[in-house]
Structure formats: C-alpha cells, structure tokens
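Here are the chains, one letter per residue:
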Amino acid sequence: MTIPADDAQQKIETYLGSVRARLRGIDETDVRDIVTELRSHITDKVAASGGATPARVHAALAALGAPEELAGQYITDNLLAKAEITRSPVRILDVLFRWASLSVAGFFVLLASIAGYFLGGSFFLCALLKPLHPGTAGLWLIPDASGDSTISLRLGFSTAPSSGKELLGWWILPLGLVIGCGLVVVTTRFAIWSTRRYRASRPLPGN
Amino acid sequence: MTVIDSHPTGQSVPDPWEVQLRKGCLELAVLASLWNGKLYGLEILRRLEADSDLVVSEGTVYPLLNRLKTLGLVHSEWVESDAGHPRKYYALTPAGKQRAREMVAIWTQFSSSMSKLLAPLGKAK
C-alpha cells in the first residue's frame, strides 16, 4: 500500500523539524544544509525502496536514528572539529551548552568545564590585578568566628579582610598566570576527552 | 545492517571490541571512498557497504561528513539531480588527500606488524 505523498512528506518533515530543533546553536546556514541533505537522503532512500509506504518511510527514518541521537552526533562531531581547529573556551562552552540540553553526560561535562574555566580565569585575573591592588589582591587565609578558616582568592576591589593573612604575596603573579593557564588547558582537554569517550560509548543508531 | 548476520560466532549481540574497531576505521573508509571523485552521501554509504565489511550507520556517516567538512578535509557542493531535488556532493580537498595518505601509511604499518604478531594464532586454528 502506498500512502499519499502528502502524508509521507508530513512524516518526514516532522522528523526533520525535530532534528532541526535540537541543532540550535550550530550556524543557521549549516543547519539548513544539514536538514536539506537529510531530506534529500530520505527521499532517495524511500524512492529506491520502491515508493512511499508507511513502512518504507518509517524504515528510512529509523535507519538515521532517533532525532535526538542524530542531533547529538552532529553536535559532538561539531564540537570535536571545532576543538581541533580552535581551542577557544568560548567556542567549546558554546557547543557544550547544546550538548548539555541533549544528554545528562553533556550536562555534567558542561558543569565541570564551567567550574574549571571559572577557576582558571579567576587565578589569571587575580595575577593581573595584583600590581593594581598590591595590598588586597591575592590568595587569603581568613579565620572565621568558629575557629575555622577559609581560603579566598580575592581580586582586591574591596578592603583587605581585617584578620586575614595573605599567603603568596607577589608570588601570586607568576603562580596565578601559570595555574590559570594550566586550568584552562586542562579543562579544554577534559571537555574534548569526555566528548570522545561519550561518542565512543554510543551505540550506532539505526542498527 | 549486517552486524547480526555477518558476525562470525552468529551471536545476536555484536562484539563491542569489533564495533569500536569498525568505528575507528570509518573516517579512513569515508576518505578512501572519495579518492576517485565526488560522491553524495547515499553513494558513499553504498560504496562503503559494497566494498568494505564495515558496519555503516547512516546516522554516523552524515555527522562525520559534516565534521570532515569543518576540518577542511572535504568540500561539498549542491548539484540538482534528475530526481527533482538537489544532492550534496563531497570531494576531497588537498588537505583531505594528504590526510588520507597519512592514514593509509599508518594503517599499512600497523596492520602488517599486527599480522606478524597474529600469524601463529591463525595457524593454531
């Protein structure tokens, strides 16, 4: 039994719409390209199998995998490619945000990466601000009322804590730069490594 | 696809090691399929299925092509087809050809040394 061309087209468009919705964040021209290519592929597959029956349309879509799986592949592949070209944290975080919206693994990688970049950036900034705020910027050990102490990385915009002790002095300048850069590099590697691990662990959709 | 049928032991679940091995070869296989000229996605899939024993998943190949394009290893162009819709053709860039040659060199070296190591196992069978 063949189904009316409109019904088949409707089913295909619903699938493509679902993939497209999950590709937000990839450049708009790329998304258009991806969707047009998938439509062309599905049309060819259905035609090659003998025409549009519900089963053939279903089989062609199933072979591509569920929309979220397929979009996930595009997004993680995109992340790996971008990471190979540029190691910019902004690009990496940008793609991690898309990935996080698709999977729990992506969400945790995003959280860890934000934490890593934030801490790295803070050390870097602290080192840069030390010459401007020589008395207040740095790594401080601050005792609180309960007798406990907290370690605080201070950029030095506010006044120095009254009972605190600055730990590194001018050493924060070279150390902050090195630790800051190190954390950014390690976080980037972690993001790429976890993306590869995730991709390696995925079943092949459509099988 | 062919995982279940082609599996040597006839078991219904593919060996995860085998799956990883095949996946790892996919990038080289796609570059190799384009060596003789431009092809569109479905042609690449058919070429891979016909000429290699790779388990080819459509949902993996299209994102992979997209990545190879981002990396500058392939370029693509839209060509109007007789079927009435445009098809996206891929071709290797000079960088893609270079990368394919490098991968073939690594592959050849690796497979010949592995074969040497594995030779006694084949005879024991």
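Parameters at a glance
Residues numbered from 1 in each chain as written. Chains lettered and ligands numbered in written order. Predicted model: local features only at pLDDT ≥ 70, side-chain atom pairs only at ≥ 80, totals over all residues. Heavy atoms only, no water. Helix = DSSP H or I, 4+ residues; strand = E, 2+ residues; numbered from the N terminus. Rg over C-alpha atoms; globule rule 2.2 N^0.38 Å. Buried < 20%, exposed > 50% of the residue type's maximum accessible area, 1.4 Å probe, protein only. Areas by Shrake-Rupley, 256 points an atom, 1.4 Å probe, with all protein chains shown as cover. Lys, Arg positive; Asp, Glu negative; His and termini not counted. Charge placed at Lys NZ, Arg CZ, Asp CG, Glu CD. Phe/Tyr/Trp six-rings, centres within 6.5 Å; stacked < 30°, edge-to-face > 60°. Lys NZ or Arg CZ within 6 Å of the ring centre and 35° of its normal. Pairing = 2+ DSSP bridges. Contact = heavy atoms within 4.5 Å. Buried area = accessible area lost by both parts, 1.4 Å probe. Salt bridge = Lys/Arg side-chain N within 4 Å of Asp/Glu carboxyl O. Polar contact = N/O pair within 3.5 Å; in protein donor to acceptor, adjacent residues only side chain to side chain. Nonpolar A, V, L, I, M, F, W, Y, C, P; charged D, E, K, R; others polar. Expected span 1.5 Å × (residues − 1).

**Student:** Any chance you could explain the overall build of chain A here in plain terms?
**Tutor:** Assigned secondary structure in chain A consists of seven helices and three strands. Reading chain A from its N end, one meets helices and strands in the order α-α-α-α-α-α-β-β-β-α. For chain A, whose C-alpha radius of gyration is 25 Å, the value lies well above the compact-globule estimate of 17 Å for 207 residues. Based on the C-alpha atoms only, the size of chain A along its principal axes is roughly 85 × 35 × 30 Å. Relative to its full complement of 207 residues, chain A shows a buried share of 41%. For chain A, the accessible area works out to roughly 10,600 Å², and carbon and sulfur atoms hold 65% of it. Each charge class in chain A can be summarised by its mean position, and for the 20 positive and 17 negative side chains these summaries are 5 Å apart.

**Student:** What's the story with the packing of aromatic side chains in this structure? I'm lost.
**Tutor:** Two descriptors summarise a pair of aromatic rings, namely the distance from one centre to the other and the angle between the planes of the rings. Applying the stated criterion to the full structure yields two aromatic pairs over all chains. Here F107 of chain A and F108 of chain A contribute two aromatic rings whose centre-to-centre distance is 5.6 Å and whose plane-to-plane angle is 75°, an arrangement assigned as edge-to-face. The exposure class assigned to F107 of chain A is partly exposed, which follows from its relative accessible area of 39%. The exposure class of F108 of chain A is exposed, given its relative accessible area of 52%. Measuring from ring centre to ring centre gives 5.3 Å for Y40 of chain B and Y89 of chain B, while their planes differ by 70°; the resulting arrangement is edge-to-face. A residue pair is termed long-range when its members are at least 10 positions apart, and Y40 of chain B in strand β1 (residues 39-40) and Y89 of chain B in strand β3 (residues 86-92) qualify at 49 residues. As far as the burial class goes, Y40 of chain B and Y89 of chain B line up, both buried. When the ring centre of Y89 of chain B is taken as reference, the NZ or CZ atom of K38 of chain B above it lies at 5.3 Å.

**Student:** Help me out: how do you make sense of the sheet that holds strand β2 (residues 149-154) of chain A in this one?
**Tutor:** The pairing of strands in a sheet comes from backbone hydrogen bonds and takes either a parallel or an antiparallel form. Across the sheet, three strands lie side by side as β2-β1-β3 (chain A); this open sheet has antiparallel pairing. The sheet is open, and its two edges are formed by β2 and β3 (165-166) of chain A, each paired on a single side.

**Student:** What is the right way to read the interface of chain B and chain A from this model?
**Tutor:** Contact residues are listed per partner, giving 29 residues for chain B and 30 residues for chain A. Carbon and sulfur atoms make up 54% of the surface buried where chain B meets chain A, a total of about 2,500 Å² over both sides. The largest per-residue losses of area from chain B upon contact with chain A belong to E58, Y62 and R67 of chain B, which jointly make up 22% of the total buried on that side. Between R67 of chain B and D77 of chain A there is a salt bridge, with the nearest N and O atoms lying 3.3 Å from each other. Applying the counting rule to chain B against chain A returns 11 residue pairs in polar contact (both at pLDDT 80 or more). A total of 10 residues in the side of chain B that touches chain A trace back to one element, the largest contributor, which is helix α4 (residues 58-70) of chain B. Classifying every residue of the side of chain B that touches chain A by side-chain character gives 15 nonpolar, seven polar and seven charged.

**Student:** Before we go on, may I ask you to explain helix α6 (residues 104-129) of chain A in this structure?
**Tutor:** Because an α-helix packs 3.6 residues into every turn, residues spaced three or four apart end up facing the same way. Helix length check: α6 of chain A, at 26 residues, gives a terminal C-alpha distance of 37 Å against a target of 38 Å (1.5 Å per residue), a fit within 8%. All of the buried residues along α6 of chain A are G106, V109, L110, S113, G116, Y117, G120, S122, F123, C126, A127 and L129 of chain A.

**Student:** I'm lost on the pairing of strand β2 (residues 74-80) of chain B in this one. Help?
**Tutor:** Moving residue by residue along a regular strand, the side chains alternate between the two faces of the sheet. Residues and elements named next belong to chain B. Relative to β3, β2 runs antiparallel, the two being bridged by seven bridges. Residue pairing in the sheet places E77 in a bridge with Y89 of β3. Count of turn residues in the β2/β3 antiparallel hairpin: five residues, of which G84 carries a positive phi of about 100°.

**Student:** Before we go on, may I ask you to explain the pattern of salt bridges in this structure?
**Tutor:** Side chains that differ in sign of charge can pair as their charged atoms come close. Overall, the coordinates contain 11 salt bridges over all chains when judged by the stated rule. For E13 of chain A, the salt bridge is made with R39 of chain A, and the minimal N-O distance between the two is 2.7 Å. Highlighted residues: E13 of chain A in helix α1 (residues 5-21) and R39 of chain A in helix α2 (residues 28-48), separated in sequence by 26 residues. Three or more residues are tied together by salt bridges with common partners; here these are D33 of chain A together with K69 and K88 of chain B.

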